[in-house]
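Residue-level listing of the chains:
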Amino acid sequence: MEISDAKFQALFASERKKERRTVIRGVDIKKIYRTGQNETYALRGATLDIFQGEYLSIMGPSGSGKTTLFNMIGGLGKPSSGKVYIDQVDIAQLDANELAWLRCRKIGYIFQTFNLIQVMTCIENVMLPMSFAGLSADEARDKAMYILKLVGLDHRPLHKPAELSGGQQQRCAFARALANSPDIILADEPTANLDTKTGEEMIELLAELRDKLGVTIVTATHDLKMLKRSDRILWIEDGRIVKITTPDEMKIQIHEVR
Amino acid sequence: MVSEIKSQVRLPLAVAFEVAVQGIRIRLGRSLITLMGIALGIAFLMSILMAQACRKGVALETNMRAEAQRMLSFLIAETGPLRGRKLAVLQTGSLDQRETRFVEKLLRETPSQIDWAAVGESATLRQLPRDASVRQAADAASAMTDAAGTVVLGDGALPETDWQSLLSKARNPVLAFSRASQMQMQPEGAVILEYKPKQEEIEEMEAEARRASFRTVWIVVISLLVTVIGVSNAMLMSVTERFREIGTMKCLGALSRFIRQLFLMESLMMGVVGSTIGSIFGALFSFIVFGITYGFGLVAASVSWTWVTTAMLASIAAGIALAIAAAIYPAGFAARMVPATALRSNV
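Criteria and thresholds
Residues numbered from 1 in each chain as written. Chains lettered and ligands numbered in written order. Predicted model: local features only at pLDDT ≥ 70, side-chain atom pairs only at ≥ 80, totals over all residues. Heavy atoms only, no water. pLDDT = per-residue confidence, 0-100. Core = buried A, V, L, I, M, F, W, Y, C linked by side-chain atoms within 4.5 Å. Buried < 20%, exposed > 50% of the residue type's maximum accessible area, 1.4 Å probe, protein only. Helix = DSSP H or I, 4+ residues; strand = E, 2+ residues; numbered from the N terminus. Contact = heavy atoms within 4.5 Å. Patch = residues over 30% accessible without salt bridge, like charges linked within 9 Å, V, L, I, M, F, W, Y side chains within 5 Å. Areas by Shrake-Rupley, 256 points an atom, 1.4 Å probe, with all protein chains shown as cover. Salt bridge = Lys/Arg side-chain N within 4 Å of Asp/Glu carboxyl O. Expected span 1.5 Å × (residues − 1). Lys, Arg positive; Asp, Glu negative; His and termini not counted. Charge placed at Lys NZ, Arg CZ, Asp CG, Glu CD. Pairing = 2+ DSSP bridges. Axes fitted to C-alpha atoms, helices over the stretch in contact; angles between N-to-C directions. Phe/Tyr/Trp six-rings, centres within 6.5 Å; stacked < 30°, edge-to-face > 60°. Lys NZ or Arg CZ within 6 Å of the ring centre and 35° of its normal.

(A) Spatial organisation of the confidence of the model for chain B. On average, residues of chain B score 83 in pLDDT, and 93% of them are at 70 or above. Across the interfaces of the predicted complex, the ipTM metric reaches 0.82, alongside a pTM of 0.74.

Below you can see the structure in the form of structure tokens.
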């Protein structure tokens, strides 16, 4: 899984400069879910900056609002209040078409539960965002095959997700996230359902994408190996961001706890 | 280096079509049930339309046969049995169906000879009935000589003739007009074979027809409503089943338009196939039922096939329209879904 070759560079056409520029900015994001009379606060005002080309991990117990934060900064849902800027554009101002463009080209999503489309084959899943981006079927097939090779799944392109192992499904989901060469990859616990080997390979690939191409990576994770590779760790508890640390600081804290 | 955000490209319909076809293929079982729903509804509609056509055709046909029989009986009452006797036919213009049937029945009485003459403005015969006993006569006078009776058929105007002197040449001075309107001059011994129903009878028949058509419309409307609701329900099921899939597609950059197209397309395809199957089976069903009751020959001969074809096309069109109408709400529902909501549902 070496991504130094020219073809891959060409895939991510514009090489991103490694500058400390804010890619995603969240300002006081709140999200309230209403079910009848009950109001559930999923986020109680999260403010954060995510920089170009960084590897940010989000840590927090389950139910702390990780996934909600994910959906908000990824443009998958509207916050109840607060603003989300992607590339300095307030996404609340975007119309449906622009939002779709953003989800298609700018951001690659990897979901905790893979969310592969069960009725499509592995390669069709990877080709789907490409066809949404307007690529012809032939171009898309070539590119999808290349990306599948990159994630080590080029030997089973015509299998349905149900016929693949968990690790293979995650590789497929990974390939799909890379389909349109996104600037940002959002991964919700990408290694949670994986065997160690696949998990390590995925982490390695994410890190390489960051190092070589300046792709911004945001993950929610409990995986120590993943935390170690990240640049910053954001701790979220009960819908609030409690602190932002580096992996080194985290080590100290873990020792303290134990 | 702020990259601007562009608008997502609109995909051609072909892509939605492909995905929809794939969706139907994968969930063939469920799609088939939805398809059956449409097919049943349209089959019901078509069977009613076909039954109407058959009933109308059969009624017309039996009515016609009875009418021809009655005309023959009238004639025979005047002339006596026709077997082995000579008969004259004066044709003005062209014959209608009733008269054609009457001629057929006339021939079955086996008269020894029928002299057939054309009279009136354009006195030419288009075609003679094919029978050994029928001969073309030069004019009315030669036809009527020695005839046991003379029948005037056709829709043309009669020439001014001295019927009385013509009749005197006949063996039996019977002059029968198939149409009451032709008998302008009332010669002696003339009979009218046409039966004019009384005004009240006509009114009663029309009222009955109106009641029947109201009943039919009512039943058809109800059955189509049931179909729409059934298909709508099936499509809603299909949407709920695919919440996650729709959400995922939206996350990957699908436009709401695309999702809407996807479901409408799926419904459209099922509508086309379902209503085609339905209309064929519906028509066949009614045809067989009427065929068994009245005889297939009679039904096949009496049904207006152009009308049946039109009804079939109309019911297919109705089926497609219904399928699309049924999908509008579910498709809109799917298209409006926020991706995050769609992903959260654990269906």
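Having seen the structure, we can now continue with the description.
(B) Broad picture of the nonpolar core. Counting residues in each nonpolar core, the largest one holds 58 residues, and the members touching the most others are Phe132(A), Met249(B), Phe258(B), Ile259(B) and Phe263(B). At the level of elements, α4 (122–132) of chain A together with α1 (13–26), α2 (28–79), α6 (199–241), α7 (243–251), α8 (256–294), α9 (296–302) and α10 (305–336) of chain B are the ones that each hand at least two residues to this core. With 12 residues, the single largest contributor to this core is α2(B). With sequence-adjacent residues up to four places away left out, Met249(B) is seen in contact with Ile117(A), Met120(A), Leu128(A), Phe132(A), Val19(B), Ala254(B), Phe258(B), Ile259(B) and Leu262(B). By size, the runner-up hydrophobic cluster in this structure holds 37 residues, among which are Leu116(A), Val151(A), Leu178(A) and Met202(A).

(C) Seen up close, a nonpolar patch on the surface. All names here are of chain B. A cluster of nonpolar side chains, namely Val-272, Val-273, Ile-277, Ile-280 and Phe-281, defines an oily patch on the protein surface of about 410 Å² accessible area. Inspection of the secondary structure puts Val-273 in helix α8. On the basis of relative accessible area, Val-273 is assigned to the partly exposed category, the value being 41%.

(D) Spatial organisation of α2(B). Over its 52 residues, α2(B) runs 72 Å from end to end, which matches the ideal 76 Å to within 8%, given 1.5 Å per residue. In the segment just after α2(B), Gly80(B) is the residue with positive phi, at about 85°.

(E) Representation of a negative patch on the surface in the model. Together, Glu200(B), Glu201(B), Glu203(B) and Glu206(B) line one region of the surface with negative charge. Structurally, Glu206(B) can be placed in helix α6.

(F) Representation of the pairing of strand β2 (residues 38–51) of chain A within the structure. Bridge analysis of strand β1 (residues 22–35) of chain A against β2(A) gives 11 bridges, and the strand direction is antiparallel. If you follow Ile32(A) over to β2(A), its bridge partner there is Tyr41(A).

(G) Main features of the side chain of Arg171(A). If you trace the backbone, Arg171(A) turns up in helix α6 (residues 166–178). Among all residues touching Arg171(A), those that are not within four sequence positions of it are Val151(A), Gly152(A), Leu153(A), Lys197(A), Thr198(A), Glu201(A) and Met202(A).

(H) Examining the pattern of salt bridges more closely. Using the criterion set out here, one finds 28 salt bridges over all chains in the structure. Here Arg171(A) makes a salt bridge to Glu201(A), at a shortest N to O gap of 2.7 Å. Of this pair, Arg171(A) sits in helix α6 while Glu201(A) sits in helix α7 (residues 196–213), and the two are 30 residues apart along the sequence. Since its relative accessible area comes to 8%, Arg171(A) is described here as buried. With relative accessibility at 21%, the residue Glu201(A) sits in the partly exposed group. Arg98(B) is paired through a salt bridge with Glu67(B); the nearest N and O atoms lie 3.9 Å apart. Here Arg98(B) is found in helix α3 (residues 97–108), whereas its partner Glu67(B) is found in helix α2, with 31 residues between them in sequence. Among the residues examined, Arg98(B) registers a relative accessible area of 11% and is labelled buried.

(I) Main features of the sheet that holds strand β2 (residues 113–118) of chain B. Residues and elements named next belong to chain B. Within the open sheet, the six strands sit side by side as β3-β2-β1-β4-β5-β6. Their pairing is parallel. The open sheet has two free edges, formed respectively by β3 (134–136) and β6 (190–192), since each of these has just one partner strand. Mean inter-strand twist for the sheet, computed between neighbouring axes without regard to direction, equals 25°. Relative to β3, β2 runs parallel, the two being bridged by three bridges. Counted as the bridge partner of Ile-114 is Val-134 from β3. Sheet contacts for α3: β1 (86–91), β2, β3 and β4 (150–153); angle to β4, the most-contacted strand, approximately 155°.

(J) Here's a closer look at the packing of aromatic side chains. On inspection of all chains with the given rule, the structure shows seven aromatic pairs over all chains. A ring pair is formed by Phe132(A) and Phe258(B), whose centres lie 5.1 Å apart and whose planes are at 80°; its orientation type is edge-to-face. Taken together, the residues span two chains, with Phe132(A) in helix α4 and Phe258(B) in helix α8. By relative accessible area, Phe258(B) is classed as buried at 3%. These aromatic residues form a ring-pair network of at least three members: Phe243(B), Tyr329(B) and Phe333(B). Between Lys56(B) and the ring centre of Trp307(B), over which it is positioned, the NZ or CZ distance is 5.9 Å. Positioned over the ring face of Phe74(B) is Arg70(B), at 5.1 Å from the centre of the ring.

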